[in-house]
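Coordinate analysis (summary)
If you want the building blocks of each chain, they are given just below.
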Amino acid sequence: MQEQYATYSFLLDRTARRVKQFAQKRFKDFGFEVTVDQWIILKKLGENQGLNQKELAELVFKDNPTLTRIIDLLVEKGFVQRRTDLADRRKFKLELTQKGEEILNLYESQIKEIRLKAWEGLSEDDFLYFSKIINTIYRNLEE
């Protein structure tokens, strides 16, 4: 039975990688100015303006060095800005620039189509059952 669980873990990891590779290829095909990882950061900042880096890292499940590199690139592209946190001047708040908001709005519908591709051929019941399984696995691993 333990070998079966290892196979399921492999399938989960393989599928997650395929989803990301598929999305990244479509981003490139569409000529997007951002990568999948950069898009996730923009999307989360669009939903939560003024997060600090630690808060954002928790939302997107990225370690600090990786997130710093992504943010640096987004700042360089003019999509994100760092503002000094007035409550603690050692920290920065992250906000989308107007250009970042425009990119978010411009790509939104195409990215929704990219994401829906993975769910083709699945019923609502399939999706609900899948969600239950994934959420259970996630909760089992909470610390």
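Before going into details, it helps to say that this report is about the structure given with it. (Residues numbered from 1 in each chain as written. Predicted model: local features only at pLDDT ≥ 70, side-chain atom pairs only at ≥ 80, totals over all residues. Heavy atoms only, no water.)

Notes on the overall build of the protein chain
Within the protein chain, the regular secondary structure consists of six helices and two strands. When its helices and strands are written in sequence order, the protein chain yields α-α-α-α-β-β-α-α. A burial count over the protein chain gives 25% of its 143 residues as buried. Put simply, of all contacts in the protein chain between residues at least 6 apart along the chain, 51% involve residues at least 24 apart. Element-wise, carbon and sulfur atoms account for 53% of the exposed surface of the protein chain, whose accessible area totals about 10700 Å². (Helix = DSSP H or I, 4+ residues; strand = E, 2+ residues; numbered from the N terminus. Buried < 20%, exposed > 50% of the residue type's maximum accessible area, 1.4 Å probe, protein only. Contact = heavy atoms within 4.5 Å. Areas by Shrake-Rupley, 256 points an atom, 1.4 Å probe, with all protein chains shown as cover.)

Concerning helix α2 (residues 36-47)
Owing to its 3.6 residues per turn, the α-helix aligns residues three or four sequence positions apart on the same side. Taking 1.5 Å of rise per residue, 12 residues should cover 16 Å, and α2 covers 17 Å from first to last C-alpha, within 8% of that figure. Within α2, the full set of buried residues consists of V36, D37, Q38, W39, I41, L42 and L45. (Expected span 1.5 Å × (residues − 1).)

As for the layout of surface pockets
Roughly 1800 Å³ of volume is contained in the largest pocket. The wall of the largest pocket is formed by 42 residues, among which L12, A16, V19, F130 and I134 lie closest to the centre. For the lining of the largest pocket, the secondary-structure elements that each account for two or more residues are α1 (2-30), α2, α3 (53-60), α5 (98-117) and α6 (124-140). Tallying contributions element by element places α1 first for the lining of the largest pocket, with 14 residues. Counted by class, the lining of the largest pocket contains 28 nonpolar, three polar and 11 charged residues. Lining the second largest pocket, in full, are N52, Q53, K54, N64, R82, R90, K91, F92 and L94. Going through the elements one at a time, α3 and β2 (92-96) are the ones with two or more residues in the lining of the second largest pocket. Partitioned by chemical class, the residues of the lining of the second largest pocket number two nonpolar, three polar and four charged. (1 Å grid on protein atoms, 1.4 Å probe; cavity = no way out; pocket = protein on both sides within 12 Å on 5 of 7 lines; lining within 4 Å. Points joined across faces, edges and corners; volume = space filled by probe spheres on them. Nonpolar A, V, L, I, M, F, W, Y, C, P; charged D, E, K, R; others polar.)

Concerning the environment of K91
Within the fold, K91 resides in the loop between β1 (80-84) and β2. Look past the residues within four positions of K91 in its chain and what remains in contact with it is N52, R83, T84 and D85.

Some details on the environment of E113
Locating E113 in the fold gives a position in helix α5. The class for E113 is exposed, based on a relative accessible area of 56%.

Description of unusual backbone geometry
With glycine set apart, most residues show a phi of negative sign, and most peptide bonds adopt trans. Positioned with a positive phi, F61 is a non-glycine residue whose angle comes to about 55°. Look at F61 and you get exposed, because its relative accessible area is 62%.

Remarks on the packing of aromatic side chains
The final tally for this structure, using the stated rule, is seven aromatic pairs. Aromatic pair W119 and F130: ring centres 5.3 Å apart, planes at 65°, arrangement edge-to-face. Taken together, the positions of W119 in the loop between α5 and α6 and F130 in helix α6 put the pair 11 residues apart, joining distant regions of the chain. Residue classification places F130 among the partly exposed residues on the basis of a relative accessible area of 38%. An aromatic cluster is built from F27, F30, F32, W39 and Y107, whose rings are joined through pairwise contacts. (Phe/Tyr/Trp six-rings, centres within 6.5 Å; stacked < 30°, edge-to-face > 60°.)

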